[in-house]
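Structural description and commentary
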Amino acid sequence: MTAIAMFPLGSVLLPHMPLPLRIFEQRYLIMLGRLLEEERPEFGVVLIERGFEAGGGDQRFMLGTLARITHVVPRAEDLQLVAVGGRRFEVTAWLEDDPHPVAEVRFLPELAWSAGLEGLRADAERTVRRVLARSAEFADTVWDPDIELSDDPMEASWQLAGIAPLGPIDQLRLLRCRSAWELLTHIIELTEAAEPALTTALGGAALDDELERMLQPDGSEPAEPGPGDTQPGRPEPDEPTPGRPEPEEPEEPDGDTSR
């Protein structure tokens, strides 16, 4: 088993994907200072299951990715760094914070590429780029549909997993894959499953109608008001309000009212 410095995050890092980070907590500044003394500075990234990135006390998933630091930019109040995802691992034990999180991990086997998977990889790329392009018509997207991928087919497959418009739990499922075939198949299935939610515009009058339908006791469509219908609880325009006297007609003033 190998003990490594850990950085739990609210997102999943996949192999061969970039990771920009802003470091401001003292415990992670200490971690970074130690790592930069090493020839190959690396730390582990796991997804937070419950809790927050800052402050500690979080619960974490046990599957993660090693991140290799490539750039560091010191600033007045924090540090900006860029890392890239590498090997996958399973956490076997969480150790005492030092002062940052530390864990013992077991590295998982690298996925092997086969030339027979090229057609499946091409299908996965078409699916991801198509859904990215369609979803960009409805909302801002993190990744450009035309972004370039690695020339290495296995690296490109992981990058497709990283740019696919999926949530962290789906990305964690991809990170668990035990073969390149499984990875590409799940990329297609999960991306296609996410497409309807990403490419449906519901707003304006349509949103108002949907909210009103949801508020109906039986979920039925609200009844359209008839020509003589009024809103419940409101009297007709000419109907006197109960308990309030009728207003008297004002008397005509005598003489000139100008001042």
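This write-up is about the structure you can find in this document. None of these values were measured; they are calculated from a predicted model. (Residues numbered from 1 in each chain as written. Predicted model: local features only at pLDDT ≥ 70, side-chain atom pairs only at ≥ 80, totals over all residues. Heavy atoms only, no water.)

1. Focus on the pattern of salt bridges
The condition is simple: The rule for a salt bridge is simple: a side-chain nitrogen of Lys or Arg has to be within 4 Å of a carboxyl oxygen of Asp or Glu. To sort residues, take the accessible area from a 1.4 Å probe on protein chains only and compare it with the maximum for the residue type: under 20% means buried, over 50% means exposed, and anything in between is partly exposed. Strands are runs of DSSP state E lasting at least 2 residues, helices are runs of H or I lasting at least 4, and numbering of each runs from the N terminus.
Summed over all chains, the structure comprises 12 salt bridges. Where Asp78 meets Arg75, a salt bridge forms, and the shortest distance between an N and an O atom there is 2.8 Å. Residue Asp78 is classed as buried on the basis of its relative accessible area, which comes to 6%. Residue Arg75 is classed as partly exposed on the basis of its relative accessible area, which comes to 45%. As a salt-bridge pair, Arg106 and Glu90 come within 2.5 Å of each other at their nearest N and O atoms. One end of the pair, Arg106, is in strand E6 (residues 102-107); the other, Glu90, is in strand E5 (residues 79-95), and 16 residues separate them in sequence.

2. So, the layout of surface pockets
To keep things clear, this is the line we draw: Grid spacing is 1 Å over the protein atoms alone, the probe is 1.4 Å, and a cavity is where that probe fits but cannot get out, while a pocket is an open set with protein on both sides within 12 Å along at least five of seven lines and lining residues have an atom within 4 Å of a point. Grid points are joined across faces, edges and corners, and a volume is the space filled by probe spheres set on the points. Gly is put with the polar residues, along with every residue not named as nonpolar or charged; the nonpolar set is Ala, Val, Leu, Ile, Met, Phe, Trp, Tyr, Cys and Pro, and the charged set is Asp, Glu, Lys and Arg.
The computed volume of the largest pocket comes to approximately 520 Å³. Elements with a minimum of two residues in the lining of the largest pocket: strand E2 (18-23), helix H2 (118-135), helix H3 (153-163), helix H4 (168-175) and helix H5 (180-198). Classifying every residue of the lining of the largest pocket by side-chain character gives 19 nonpolar, 7 polar and 1 charged. In this model, the second largest pocket occupies a volume close to 240 Å³. Taken together, 17 residues form the lining of the second largest pocket, with His16, Gly85, Gly86, Arg87 and Glu110 sitting closest to its centre. Put simply, the parts of the chain that give the lining of the second largest pocket at least two residues each are strand E4 (59-74), E5 and H3. Examining the composition of the lining of the second largest pocket, we find that 4 residues originate from one element, E5, more than from any other. Residue composition of the lining of the second largest pocket, by class: 7 nonpolar, 3 polar and 7 charged.

3. Some thoughts on helix H1 (residues 26-35)
Note the following rule: The reported arc concerns the directions from the helix axis to the C-beta atoms and nothing else. Between two residues, a contact is recorded if the distance between any of their heavy atoms is within 4.5 Å.
When we look at burial in H1, the residues that qualify are Arg27, Tyr28, Met31, Leu32 and Leu35. Buried residues of H1, seen end-on, are gathered within an arc of 135 degrees and therefore sit on one face of the element. The inward-facing, buried residues of H1 abut strand E1 (2-5), E2, strand E3 (42-50), E4 and E5.

4. Examining the pairing of E4
What counts, and what does not: If DSSP finds at least two bridges between two strands, the strands pair.
Where E3 and E4 come together, 7 bridges link them in antiparallel fashion. Looking at the pairing, Val46 lines up with Gly64 of E4. Bridge analysis of E4 against E5 gives 10 bridges, and the strand direction is antiparallel. Along E5, the bridge assignment pairs Ile69 with Ala83. In textbook terms, the turn of a hairpin is the stretch between consecutive antiparallel strands, and for E4 and E5 this stretch comprises 4 residues.

5. Some remarks on the environment of Thr185
Among the structural elements, Thr185 can be located in helix H5. Here the alpha-carbon distance between Thr185 and Leu174, two residues 11 residues apart in the chain, equals 9.7 Å.

6. Notes on the environment of Ala197
Along the chain, Ala197 falls in helix H5. Classification of Ala197 as exposed rests on a relative accessible area of 68%. With 62 residues separating them along the chain, Ala197 and Ser135 place their C-alpha atoms 9.0 Å apart.

7. Remarks on the packing of H2 against H3
Formally: Inter-axis angles, ranging from 0 to 180 degrees, are taken between N-to-C directions of lines fitted to C-alpha atoms, where helices are fitted over the stretch in contact. To sort the angles, those under 35 degrees are grouped as roughly parallel, those over 145 as roughly antiparallel, those from 65 to 115 as roughly perpendicular, and the leftovers as oblique. It is the rotation of the near helix from the far one that decides the hand of a crossing: anticlockwise by less than a right angle makes it left-handed, clockwise makes it right-handed.
Their axes nearest at 10 Å, the elements H2 and H3 cross at an angle of 30 degrees. As the angle between them shows, H2 and H3 are arranged roughly parallel. Where H2 crosses over H3, the handedness of that crossing is left-handed. In this structure, H2 contributes Glu118, Arg121, Ala124, Glu125, Val128 and Leu132 to the contact, and H3 contributes Pro153, Ala156, Ser157, Leu160 and Ile163. Considered class by class, the residues forming the contact of H2 with H3 number 7 nonpolar, 1 polar and 3 charged.

8. Some points on the nonpolar core
We apply this condition: In plain words, nonpolar cores are sets of buried Ala, Val, Leu, Ile, Met, Phe, Trp, Tyr and Cys residues tied together by side-chain atoms within 4.5 Å.
Formed by 50 residues in total, the largest nonpolar core has its most connected members in Phe7, Leu19, Leu21, Phe43, Trp158, Leu183 and Ile187. In terms of residues, this core owes the most to one element, H5, which gives 7 residues. Every residue in contact with Leu21, bar those within four places of it in the chain, is listed here: Phe7, Leu9, Phe43, Leu79, Gln80 and Leu81. Grouped together as the second largest cluster of nonpolar side chains are 8 residues, Met6, Val46, Ala103 and Val105 included.

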